[in-house]
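# Geometric and topological summary
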Amino acid sequence: FNSASVGVCLNAIRARAVSTDLLPIHLLLRIALECESAPAAIAEIERLGGPASSQHILISDSTTGPRGLEISPRGSSYLHPDSSGILVHTNHFIENRCVEEVPWQIASVPRLERIKELVRQIRTDYQKVDKITPSVLRERIFSDKDGAPTAICCYVFDRNNPKAAVSTLFNIVMIFSPGESPRAEVRFIDYEDVWEKDIYQLPW
């Protein structure tokens, strides 16, 4: 995220095709962070013709709210938040049908449904989105192990072959509020599948 409270997150998507005439996704993420608002960033990405590969960018700022950019060299689809201002995504395209998607994370669809279920529960419990704190998100969504070993909080670790581990490593929650400096909370997870006690604040 930048000082103007524009933040971006990336969901990797495996889909054909690739265009070497367009910019790599990470350069587009950096370009987005040169902008003063999420709409300005989206307009710049459109002006540049989109990405060289098919990916999802979650982008938000302090006033616009979240947008999901399912972008590809062949065309893009934009997702908008629900009536409560919430937008969720995992590692597959929800609406974009411009490319040939190659299934590679079989848990992506059930993870998305699980997130939606948890969001419904949180919405019922808290009523207003502005009451949902980073700690609530960590406890109620990002720590969820339903569907293990490929749950939202993923933990597949073989002590005999640690290089083959697949695990959630950390969680970041960005906080953008009108009139306030942007900030974020980062929390790491250890190999015992327990959130570490320390919560790191960004900026450092």
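Remember, predicted model here, so these are calculated numbers, not experimental data. (Residues numbered from 1 in each chain as written. Predicted model: local features only at pLDDT ≥ 70, side-chain atom pairs only at ≥ 80, totals over all residues. Heavy atoms only, no water.)

### Digging into the packing of helix H3 (residues 108-126) against helix H4 (residues 134-142)
The description of two packed helices rests on the angle between their axes and on the distance between the axes. Put simply, H3 and H4 touch, their axes get as near as 10 Å, and they point 140° apart. Classified by the interaxial angle, the pair formed by H3 and H4 is oblique. In this structure, H3 crosses over H4, and the sense of that crossing is right-handed. Residues Leu118, Val119, Gln121, Ile122, Asp125 and Tyr126 of H3 form the contact with H4, whose participating residues are Val136, Arg140 and Ile141. (Axes fitted to C-alpha atoms, helices over the stretch in contact; angles between N-to-C directions. Helix = DSSP H or I, 4+ residues; strand = E, 2+ residues; numbered from the N terminus. Parallel < 35°, antiparallel > 145°, perpendicular 65-115°, else oblique. Left-handed = near helix turned anticlockwise from the far one by under 90°. Contact = heavy atoms within 4.5 Å.)

### Quick look at the layout of surface pockets
Left-over empty space is what a probe sized like a water molecule reveals as it rolls over the atoms. Looking at the second largest pocket, its volume works out to about 250 Å³. As for the second largest pocket, its lining consists of 13 residues, and the residues nearest its centre are Asp82, Ile86, Leu87, Val88 and Lys116. It is H3 that provides the largest number of residues to the lining of the second largest pocket, a total of 4 residues. Split into classes, the residues belonging to the lining of the second largest pocket amount to 7 nonpolar, 1 polar and 5 charged. (1 Å grid on protein atoms, 1.4 Å probe; cavity = no way out; pocket = protein on both sides within 12 Å on 5 of 7 lines; lining within 4 Å. Points joined across faces, edges and corners; volume = space filled by probe spheres on them. Nonpolar A, V, L, I, M, F, W, Y, C, P; charged D, E, K, R; others polar.)

### Considering the sheet that holds strand E3 (residues 55-60)
Strand order in the open sheet made by the 4 strands is E1-E3-E4-E5, with antiparallel pairing throughout. Bordering the open sheet on either side are strand E1 (7-12) and strand E5 (77-79), each of which pairs with just one other strand. Shown here is a sheet whose adjacent strand axes are inclined to one another by a mean of 20°, direction ignored. As judged from the 3 bridges shared by strand E4 (residues 67-71) and E5, these two strands associate in the antiparallel manner. (Pairing = 2+ DSSP bridges.)

### So, the state of the cysteines
Evaluated as defined, the whole model comprises 0 disulfides. Of the cysteine sulfurs around Cys9, a residue in no disulfide, the closest is that of Cys35, at 16 Å. Just so you know, Cys154 is unpaired, no disulfide at all, and the nearest cysteine sulfur is the one on Cys153, 7.9 Å from it. What makes Cys154 buried here is its relative accessible area of 14%. (Disulfide = S-S within 2.5 Å. Buried < 20%, exposed > 50% of the residue type's maximum accessible area, 1.4 Å probe, protein only.)

### Some details on the packing of aromatic side chains
Evaluated as defined, the whole model comprises 4 aromatic pairs. Judged by centre distance (5.7 Å) and plane angle (80°), the rings of Phe188 and Tyr200 are edge-to-face. In this pair, Phe188 is assigned in strand E10 (residues 183-188) and Tyr200 in strand E11 (residues 200-202), connecting sequence segments 12 residues apart. Arranged with centres 6.2 Å apart and planes meeting at 70°, the rings of Tyr200 and Trp204 form a pair that is edge-to-face. For Tyr200, a relative accessible area of 30% gives the class partly exposed. Here the aromatic cluster, defined as three or more aromatic residues joined through ring pairs, consists of Phe170, Phe188, Tyr200 and Trp204. (Phe/Tyr/Trp six-rings, centres within 6.5 Å; stacked < 30°, edge-to-face > 60°.)

### Overview of the pattern of salt bridges
If you walk through the whole model with that rule in mind, you get 11 salt bridges. As a salt-bridge pair, Glu185 and Arg183 come within 3.6 Å of each other at their nearest N and O atoms. By relative accessible area, which is 35% here, Arg183 ends up partly exposed. Via salt bridges that share partners, Arg114, Glu117, Asp144 and Asp146 belong to a single interconnected network. (Salt bridge = Lys/Arg side-chain N within 4 Å of Asp/Glu carboxyl O.)

### Quick notes on the environment of Val102
Within the element layout of this structure, Val102 appears in the loop between strand E6 (100-101) and H3. Between the alpha carbons of Val102 and His92 there is a distance of 9.1 Å; along the sequence they are 10 residues apart. Among all residues touching Val102, those that are not within four sequence positions of it are Arg14, Ala15 and Arg16.

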